[in-house]
Amino acid sequence: MKVGRGKVSSQIGTPNSTRACLSASVCRMEPPMAIFKDIDIDVLALVNDTVGTMMTCGYDDQRCEVGLIIGNVLTYSQTCGLKQKSHMEQTVAYPIPTGTGTNACYMEEMRHIDLVEGDEGRMCINTEWGAFGDDGALDDLRTEFDRELDLGSLNPGKQLFEKMISSLYLGELVRLILLKMTKEGLLFNGKVSTALLTKGKIEMKHVSAMEKYKEGLSNTKEILTELKLFPSEEDCVAVQHVCAVVSSRSAKLCAAALAAILTRLRENKQLLRMRTTVGIDGGLYKTHPKFAGRLHRAVGRLVPACEVRFLRSRGGSGRGAAVVAAVARRLAAQRRRLHTALAALLLPPAILRELRDKMRAELEHGLKRETQAQATVKMLPTFVRGTPDGTEKGKFLALDLGGTNFRVLLVKIKSGRRRSVQMYNKIFAIPLEIMQGTGEELFDHIVQCLADFLEYMGIKGARLPLGFTFSFPCRQASIDKGTLVGWTKGFKATDCEGEDVVDMLREAIRRRNEFDLDIVAVVNDTVGTMMTCGYEDPNCEIGLIAGTGTNVCYMEDMKNIEIVEGNEGKMCINTEWGAFGDNGCIDYIRTKYDREVDEGSLNPGKQRYEKMTSGMYLGEIVRQILIDLTKQGLLFRGHISESLRKKGIFETKFLSQIERDRLALPQVRHVLRQLGLDSTCEDSIIVKEVCAAVSTRAARLCGAGLAAVVEKKRENRGVERLQITVGADGTLYKLHPHFSRILQETVKELAPQCDVTFMLSEDGSGKGAALITAVAKRLHNVGQK
């Protein structure tokens, strides 16, 4: 038996094909219910008996994820919530008997169920496997007796698998076999009684009685005598053998189909070995003396990689229906509380437009002389006055300081037809004690790394031009002078803020007294990103970083930059937009989780926009939300583990891993286990939703800010429609599965008159620094001439 992709779907046990008639059943129940004026009845679920069996057993054993019916039980149960006038709530199950048969259900991964929307979590699939073989798949196994039984049934050609294994038909199969053997003179001296010719005279209860261990032989003689067959002892033994063959085949066929389901479950979980429980009900399994043992042994042989426990259902489908109702109510209440917790992270279009307009106003404040001092978005001039034109050439060094790692690069630029950029680099770590030590220790460490690289490349004696990518807010007086405004990204080295970082680097080089360099430019990584993309696309006049931190730069008309002398040409403005909102203008969208992250940071009250949008903080926001949800009892069984209490344990890279498309919940649970978080499948679904809410908000916020910048560029040019390229870099933008798409969609939504192309930067902070240095040298040489 092959278990396919979502062939039959059930919403807690309701097949797709029967939902309409079940809904009609509910409607037919409503008028009689209306008679009881003092009771308000709310039908919560229609539950298949097989699902009810699985849920009943699942209440006692959480490993139970398969339900199996073999024999006569109730087919549908309706579960209702009763609300009495006293406002007391009860759950009542109404079983509706509709016949006998066989069926199985199991918990399938949502991503495999094509008939239902959504990929998260699991859903119970009601297989309705009784129809297996209706397409001819079992024709090789069906005997003449199976065909005769089918032709005489109420539904010829249908439910063929069920007719081979269920209690409704096994007695009839035995009768047909005995009838043929008697006609051929093999039983009862060839004398056929009227009872043996009568359909339905041998039932499953007779088969069970004849196969009993001790009294089976005497039971057989008694039953056959009642059928007026007058058997000999040899006849009784032969009839017992026929019964054993029929019931044994039933058990083995059932085991084969169940083995297919168990194998699928194991493969879904990607396990070499699996432990699971099958909840089971039905008269054939419970009352036949040998059926259960035969089924267990056959399953063991067919799926040796599965350790299966068979658990008999207690209370049947009625109790299972009540369990389904209880679970449904719990999940509905849980979802309401989850939505309430995450509602504050949602940003409707009206709020995004407000944020775009507020960012635009802050950009203007940062450019004007009279408001620049009070502006939160500082709009720092970079003194980069041009983009590459293709004539740049030579060897350049680049230093890249922007996070916990530091790089030194040698960049070779060729011009002309064979224009190219070759790079050689080495990465060095910056220990936490140096990040938060003294400024002198930090710059001595940088120079030590630089010396190691020069020696490694064999160029320690050359006085090469150098570009210093310093990815922190700087106020520049010229292209090679940058005064640190304030540390971000976890740096807190003393005696640096308010100082010229180029002078500090030169002093550290002099202290070492091993080499000399021509420091041409101090460069922000965002500007480097724009320049790198500008080397490939002259239409690139905006740079975006969305990584550990976040920032934007763009080419502004000199006439709009009041804090720099001159009106001709353009200059790159480093917005340092991470501080947007430090004046309280976005407090109305900040949540309690944002405030907790801010208060626990190294710079409380500063970089508020960055703390809502950048990779350094998103994981910590998620952690704060998970703690809150756990306190509410919505996660991790209400237990806050020691791992979850650790600040920084939930890194942003885990958001990217968890939010990958089609990532199976077992893989999400594996990621959470790496963090020391023991989660259920429900926990995994909630964690994934939280991650998505936090990263989506970050992307939408970034998109709103960028929309303000591109709209300003459009108005600067005085065009009705703008075509422009944004050079983008940063781990969040590059590696998160959805961030870049959501950001781009938001820009399109909020700046509809701008056609924005996004171009991934290739090493903006390294290659970009060298290109800025090359452009600066070119412009300097042109000025000298």
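For the structure itself, consult the block above.
Calculation criteria
Residues numbered from 1 in each chain as written. Predicted model: local features only at pLDDT ≥ 70, side-chain atom pairs only at ≥ 80, totals over all residues. Heavy atoms only, no water. Pairing = 2+ DSSP bridges. Helix = DSSP H or I, 4+ residues; strand = E, 2+ residues; numbered from the N terminus. Contact = heavy atoms within 4.5 Å. Axes fitted to C-alpha atoms, helices over the stretch in contact; angles between N-to-C directions. Parallel < 35°, antiparallel > 145°, perpendicular 65-115°, else oblique. Left-handed = near helix turned anticlockwise from the far one by under 90°.

Quick look at the sheet that holds strand β21 (residues 754-760)
Here is step 1: One open sheet accounts for six strands, arranged β9-β19-β18-β17-β20-β21; its pairing is mixed. Edge positions in the sheet fall to β9 (380-381) and β21, since each has one partner strand and no second.
Here is step 2: Inspection of the sheet shows strand β17 (residues 540-546) paired to strand β20 (residues 722-729) by five bridges, in the parallel sense. Residue pairing for β20: C540 is matched across the bridge by T725.
Here is step 3: Strand contacts of helix α16 (residues 525-536): β17, β18 (550-557), β19 (570-574), β20 and β21, with the helix running at about 135° to β17, the strand carrying the most contacts.
Here is step 4: Most of the contacts of helix α23 (residues 681-717) go to β18, to which it runs at about 5°, and overall it touches β17, β18, β19, β20 and β21.

Structural notes on the packing of helix α17 (residues 592-599) against helix α19 (residues 615-631)
Here is step 1: At a minimum axis separation of 9 Å, α17 and α19 run at an interaxial angle of 120°. Taken together, α17 and α19 sit at an angle that is classed as oblique. The handedness of the crossing between α17 and α19 comes out as right-handed. Across from K592, Y593, D594, E596 and V597 in α17, the residues of α19 making contact are Y617, E620, I621, Q624, I625 and D628.

Some remarks on the sheet that holds strand β11 (residues 405-414)
Here is step 1: Read across the open sheet, the five strands follow the order β12-β11-β10-β13-β16; overall the sheet is mixed. At either margin of the open sheet sits one strand with a lone partner, and together these are β12 (420-429) and β16 (518-523). Adjacent strand axes in the sheet meet at a mean angle of 20°, parallel and antiparallel pairs treated alike.
Here is step 2: Taken together, the eight bridges between strand β10 (residues 394-401) and β11 define a ladder with antiparallel strand orientation. Paired with D400 across the bridge in β11 is R407.
Here is step 3: The strands that helix α15 (residues 501-512) touches are β10, β13 (465-470) and β16; relative to β16, the one it contacts most, it runs at about 145°.

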